[in-house]
Amino acid sequence: MQMTIGVIYAVLFWAATLVLVLGVANKIRIYAKVPAPLKIPTTPAPVTQGGVVIRMMQEVFLFKSLFRSDKLLWALGFLFHYAMLLIVIRHFRYVQEPIWGFVQFMQPFGKYAGFLFIIGLLGLLARRLFIDRVRYISAPSDIAMLLLLIMIGISGLLMSFVSHTDIVMVKAFFRGLITFDWQPLPTDGLLLLHLGLVAILMLIFPISKLLHAPGIFFSPTRNQVDNPREKRHVAPWAEELEKQNKMFLDELD
Amino acid sequence: MADYDVPEITGEDGIVDVPALQPDAMKSHGPWVSKPEFQDAMHFPTDFNMPEDVSAYGNTDTLVENWKERALDKMADLKGRYRSLQVFLDICVKCGACTDKCHYYLGTTDPKNMPVARQDLLRKVYRRYFTFAGKFFGKMGMPGFVGAAELDEDVVKDWYNYYHQCSQCRRCSVFCPYGIDTAEISMAAREILDHIGMGQKYCTEIMGKLNKIGNNLGLPEAALADTLEGLEEDIYDETGVEVKLPLDKKGAEILLITPSADFFAEPHVDGLMGYAKVFHELGLDWTLSSYASEGANFGMFIGSYENMRKISLRIRKAAQDLGVKRIVFGECGHAWRVAYSFLNTLAGPFDFLDQNYPIPQHVLEITEPALAAGKLNIDKSKNDDMVLTFHDSCNIARGSRMGAKPGGQFDIPRNVIRAVCNNFVDMPADTIHDATFCCGGGGGILTDDLMDIRIKGAQPRMEALKHVTDKHQVTHMAAICAICKSQFTKVVPYYGFSMDMIVSVHQLVSNAIFLTGQLTEEEIEAKEAAEEAEWAAAREKAAAEKAAKESEEAEKETSDK
Ligand code: SF4
Ligand code: SF4
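If you're wondering where the values come from, they're calculated on a predicted model, not measured in any experiment.

Within chain B, the regular secondary structure consists of 22 helices and seven strands. Radius of gyration (C-alpha) of chain B: 27 Å, near the 24 Å computed for a compact globule of 561 residues. In terms of overall dimensions, chain B has a C-alpha envelope of 115 × 60 × 55 Å along the principal axes. The 561 residues of chain B split such that 63% are buried. For chain B, restricting intrachain contacts to residue pairs at least 6 apart in sequence, the fraction spanning at least 24 positions comes to 80%. When the accessible surface of chain B is summed, it comes to about 20300 Å², and 50% of that surface belongs to carbon and sulfur atoms. Here chain B holds 59 positive side-chain charges and 85 negative ones, and the gap between their average locations is 9 Å.

Right, here's the structure in full:
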């Protein structure tokens, strides 16, 4: 039984990883390929590439624009994302051998971050349900995604603090995944739920709004240098108009 | 003034409270649709017929054959050419941070005027036809689960209506954690609408005039020359100095491109006289062009790169034909965004111009350093009858820059105002600089058939203005955009202000500047009196001569008898 489950979950995780990696890679390829024909940074914007890197870092790590627009949302989002980061770091111990000192050090923080993770998510869910504007713009999938994350968090916390699973076997399973080696998995309901939900999260990543993670780096209003007068910026399709001396794209050869 | 439902303003803290949603508060047929002849000139499809009655406008009667397929094709085309569109359609997390940032939402309470909801009108179609999730749940008959929707006529009606309730002011993009700019979505949506027979009359008609005559007003060369002459006379009468406003002067150093409203509208024209005085005083050799007598470029509003480029190329041609060395832009918001951010892309490279100056340059980038260096003789007290505040134009604030430093677009106009006026007060921080609110008339909305949205969209700015007029004795608001000036002069009376309170920044410069050789007020009075006396004497003389002649004739007659 444990072997059968191990095989099923191994296939599931390999597939989910493949979808995640290829799907996101494909999206990144598209974002990189589609040109930005005009200079549209939201100004005031940095006038150097170095400045753009700083601007982007402030957005990615500090959610700077969000801080300006909505302090409560910023706090909840910050809590949720950084708690998730700690949790992910903590989970390295289930695949690493030997475990890095840093991951060891982060272990207790990662463990209790689970609670902050849930608090942040519940706050985000409450916003969706109780603020009329946010309720209006929420699709069922937006709520479903929060529920998915909340369930991942709760099942994880239950395993950490209430009903432990056979963690040695779990670790062997994940190390086996890396070397394409079938390993058994405990037939523990909580664990299977937790892992199944994580696989779903991986599967929907490239086809959902979770693309905001890679996408922000391609956002022209944030990643462009404000130097249109100094440096001419022309997209390939627009250059074609110039080369062929035409006004409209449908006149091109 | 026609009857409109005008939002109430209190002036308390200058900030509009976020209202509760009122679905469909602004549901309407949208602005007037564009006729096939206008569309033709813009190179858009024309295989549709106009409805008989205006009330049917925007009701999809004008849709072309196979409109659905053609709309989706256009969407596919655009998302393959604009990274902004492709990325923004994908990455919105529906966090809602932008929902209370749009002046049209604040002023109308219609949920579809929340930036993210406005984007979703297009995004739900993108989701349905171009993403796995949308196709999958669409096939299962529940596209709504993932925020997708079928493309039908109701969706198109919403597009037409609500994408013409967006002034492309970019305020939402400042506050979005990913910089999602609804203006980009709006522009794409209008480009799609133009390709399925639902263009907007106001924008396309105006661009047609520009392409034919050279400016949005359709003001021909002779009339323009007359107008400029009239302005020269006005300045002469007022100062006794012959300040020129040259037109098509070959070999001039500077080509001035300014919105055509500067030629006739108030208070725009006072700004134009201000630029002329500054150029005169600095000894700059400049000219206007009749071929490129328009600063505004409505191609941006409809998201048409091709039409925007076509209009921009007129400026290049005028500069080359006249043999100028520099291009300078007058006070206009959208014009300056296109000029600053896009002109080099659309109509460059400008290797034939003097590379020692920014290309193009804003007139404030000339006036401000000149004032700072004391090159202009200024009497600030001439503006003492006013307490000023300044409205940051959205497209200048968030889509361009002035000077070398980021944020120069906020400091430079303020420096100029402070250099020529004694009394200046800023409006509340959340309503200025890059958080400024659009005037309510930008982005192709400045048309009478959209008065309702224009009035309501002005509410956040009016609230801030009311605050400084009530609490800080502000009497006038200066602007540096032709659309802002036109919109405000029309809309402020609905909020209980006088239209004269709107002034151009260069109008303030014009008031305060004392030209070399300028006559003082007494001298002008004396001059006028002398002229008057001369006239009177001449009249008397003529009358006396006439009388003498008459009596002579009478005498002759009697002697003849
Ligand atoms: S702030 Fe940005 S991510 Fe959030 S809902 Fe608005 S557009 Fe979407
Ligand atoms: S660009 Fe301006 S008008 Fe358009 S949705 Fe954003 S805030 Fe509103």
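We now examine the site of ligand 2. Residues and elements named next belong to chain B. Near ligand 2 there are 14 residues, and of these C102, C166, C169, R170 and C172 occur at the shortest range. Listing elements by their share of the shell around ligand 2, those giving two or more residues are α4 (103-108), α5 (115-130), α8 (171-175) and α9 (182-194). Taken together, the residues that form the shell around ligand 2 break down as seven nonpolar, four polar and three charged.

Glancing now at the UniProt feature "transmembrane region" (unreviewed entry) in chain A. All names here are of chain A. The UniProt feature table records "transmembrane region" (unreviewed entry) at residues 6-25, 72-92, 112-131, 143-162 and 189-207. Secondary structure across residues 112-131 divides into 95% helix and 0% strand, with the first and last C-alpha atoms of the span separated by 29 Å. Within residues 143-162, the helical portion is 95% and the strand portion 0%, while the C-alpha atoms at the span's ends are 27 Å from each other.

So, about the UniProt feature "domain: NarG-like" (unreviewed entry) in chain A. In the UniProt entry, the feature "domain: NarG-like" (unreviewed entry) is given for residues 50-213 of chain A. Secondary structure across residues 50-213 of chain A divides into 78% helix and 0% strand, with the first and last C-alpha atoms of the span separated by 21 Å.

Moving on to the environment of V146 of chain B. Along the chain, V146 of chain B falls in the loop between α6 (132-139) and α7 (153-162). Counting along the chain gives 10 residues from V146 of chain B to F136 of chain B, while the straight-line C-alpha distance between them is 9.7 Å. The residues touching V146 of chain B, leaving out its near neighbours within four places in the chain, are A139 and S141 of chain A together with R127, A133, G134 and F137 of chain B.

Looking now at the environment of V425 of chain B. Residues and elements named next belong to chain B. Mapped onto the fold, V425 is located in the loop between α17 (408-420) and α18 (451-457). When the C-alpha atoms of V425 and L193 are compared, they prove to be 43 Å apart, with 232 residues separating the residues in sequence. For V425, the contacting residues outside a window of four places in its chain are V387, L388, T389, F390, V468, H472 and V474.

This next bit is on the pattern of salt bridges. Residue and element names in this part refer to chain B. For the coordinates displayed, the defined rule picks out 37 salt bridges over all chains. Residue K157 is joined to D154 by a salt bridge in which the shortest nitrogen-to-oxygen separation is 3.9 Å. Taken as a pair, K157 and D154 lie in helix α7 at a separation of three residues, close to a single helical turn. Measuring nitrogen to oxygen at the nearest pair gives 3.3 Å for the salt bridge that ties E205 to K201. Here E205 and its partner K201 are both found in helix α10 (residues 201-213), four residues apart, which amounts to about one turn of the helix.

Taken together, 13 residues are adjacent to ligand 1, and C92, C95, G96, C98 and C176 of chain B come closest. Here the shell around ligand 1 is composed, by residue class, of 10 nonpolar, two polar and one charged.

At the junction of the two partners, chain B supplies 86 residues and chain A supplies 65 residues. For the pair chain B and chain A, the summed buried area comes to about 6100 Å², and 59% of that belongs to carbon and sulfur atoms. One can count five salt bridges joining chain B with chain A. Of the charged contacts in the structure, one is a salt bridge between D90 of chain B and K27 of chain A, with a shortest N-O distance of 2.9 Å.

In total, this model carries 28 aromatic pairs over all chains according to the counting rule given. Through pairs of rings, three or more aromatic residues link up here, namely F63, F67, W74, F78 and Y82 of chain A. The ring of F175 of chain B carries the charged tip of K101 of chain B above its face, separated from the ring centre by 5.2 Å. Taking NZ or CZ as reference, K317 of chain B lies 5.4 Å from the ring centre of Y291 of chain B, over its face.

Here we take up the domain arrangement of chain B. Examined at the domain level, chain B breaks down into domain 1 (36-199), domain 2 (205-425 + 474-512) and domain 3 (522-561). For domain 1 of chain B and domain 3 of chain B, the distance between their C-alpha centroids amounts to 74 Å.

All names here are of chain B. Read from one edge of the open sheet, four strands run β2-β1-β3-β4, paired in parallel fashion. Lying at the two open borders of the sheet, with one neighbouring strand each, are β2 (286-287) and β4 (361-362). Helix α12 (residues 268-282) rests against β1 (254-257), β2 and β3 (326-329) of the sheet, and its axis sits at about 165° to β1. Sheet strands in contact with helix α14 (residues 333-347) are β3 and β4, and its direction is about 145° off that of β3.

Okay, a nonpolar patch on the surface next. All names here are of chain A. Judged by side-chain polarity, Y112, F115, I154, L158, F161 and V162 come together as a nonpolar surface patch covering roughly 550 Å² of accessible area. Looking at the nonpolar patch, the elements that each hand over two or more residues are α5 (101-130) and α7 (140-161). With three residues, the single largest contributor to the nonpolar patch is α7. In this fold, L158 is placed in helix α7.

Now for the pairing of strand β6 (residues 476-479) of chain B. All names here are of chain B. The alternating pattern of β6 places H476 and A478 on one face and M477 and A479 on the opposite face, and all of these are buried. In terms of strand pairing, β6 meets strand β7 (residues 502-504) through three bridges, oriented parallel. Bridged to M477 within β7 is I502. Crossover handedness for the path β6 to helix α20 (residues 482-491) to β7: right-handed.

Turning next to a negative patch on the surface. Residue and element names in this part refer to chain B. Together, D226, E229, E233, D234, D237, E521, E522, E523, E525, E528, E531 and E534 make up a region of like negative charge exposed at the surface. When residues of the negative patch are assigned to their parent elements, the largest contribution, seven residues, is made by helix α22 (residues 521-560). Mapped onto the elements of the fold, D237 is located in helix α11 (residues 221-239). Under the relative-accessibility criterion, D237 is labelled partly exposed at 45%.

All right, on to unusual backbone geometry then. Most peptide bonds take the trans configuration, and most residues that are not glycine carry a negative phi. Cis geometry marks the peptide bond from T43 of chain A to P44 of chain A; its omega dihedral reads 0°. Relative to the helices and strands, P44 of chain A resides in the loop between α1 (2-33) and α2 (49-62). Omega for the bond connecting I359 of chain B with P360 of chain B falls within 30 degrees of zero, at -10°, which places this linkage in the cis form. With respect to the helices, strands and loops of the structure, P360 of chain B is situated in the loop between α14 and β4.

Parameters and conventions
- Residues numbered from 1 in each chain as written.
- Chains lettered and ligands numbered in written order.
- Predicted model: local features only at pLDDT ≥ 70, side-chain atom pairs only at ≥ 80, totals over all residues.
- Heavy atoms only, no water.
- Helix = DSSP H or I, 4+ residues; strand = E, 2+ residues; numbered from the N terminus.
- Rg over C-alpha atoms; globule rule 2.2 N^0.38 Å.
- Buried < 20%, exposed > 50% of the residue type's maximum accessible area, 1.4 Å probe, protein only.
- Contact = heavy atoms within 4.5 Å.
- Areas by Shrake-Rupley, 256 points an atom, 1.4 Å probe, with all protein chains shown as cover.
- Lys, Arg positive; Asp, Glu negative; His and termini not counted.
- Charge placed at Lys NZ, Arg CZ, Asp CG, Glu CD.
- Near = heavy atom within 4 Å.
- Nonpolar A, V, L, I, M, F, W, Y, C, P; charged D, E, K, R; others polar.
- UniProt positions renumbered as here; feature names shortened; annotations may be inferred.
- Salt bridge = Lys/Arg side-chain N within 4 Å of Asp/Glu carboxyl O.
- Buried area = accessible area lost by both parts, 1.4 Å probe.
- Phe/Tyr/Trp six-rings, centres within 6.5 Å; stacked < 30°, edge-to-face > 60°.
- Lys NZ or Arg CZ within 6 Å of the ring centre and 35° of its normal.
- Domains from an automatic or database assignment.
- Pairing = 2+ DSSP bridges.
- Axes fitted to C-alpha atoms, helices over the stretch in contact; angles between N-to-C directions.
- Patch = residues over 30% accessible without salt bridge, like charges linked within 9 Å, V, L, I, M, F, W, Y side chains within 5 Å.
- Right-handed = clockwise from strand over helix to strand, strands pointing away.

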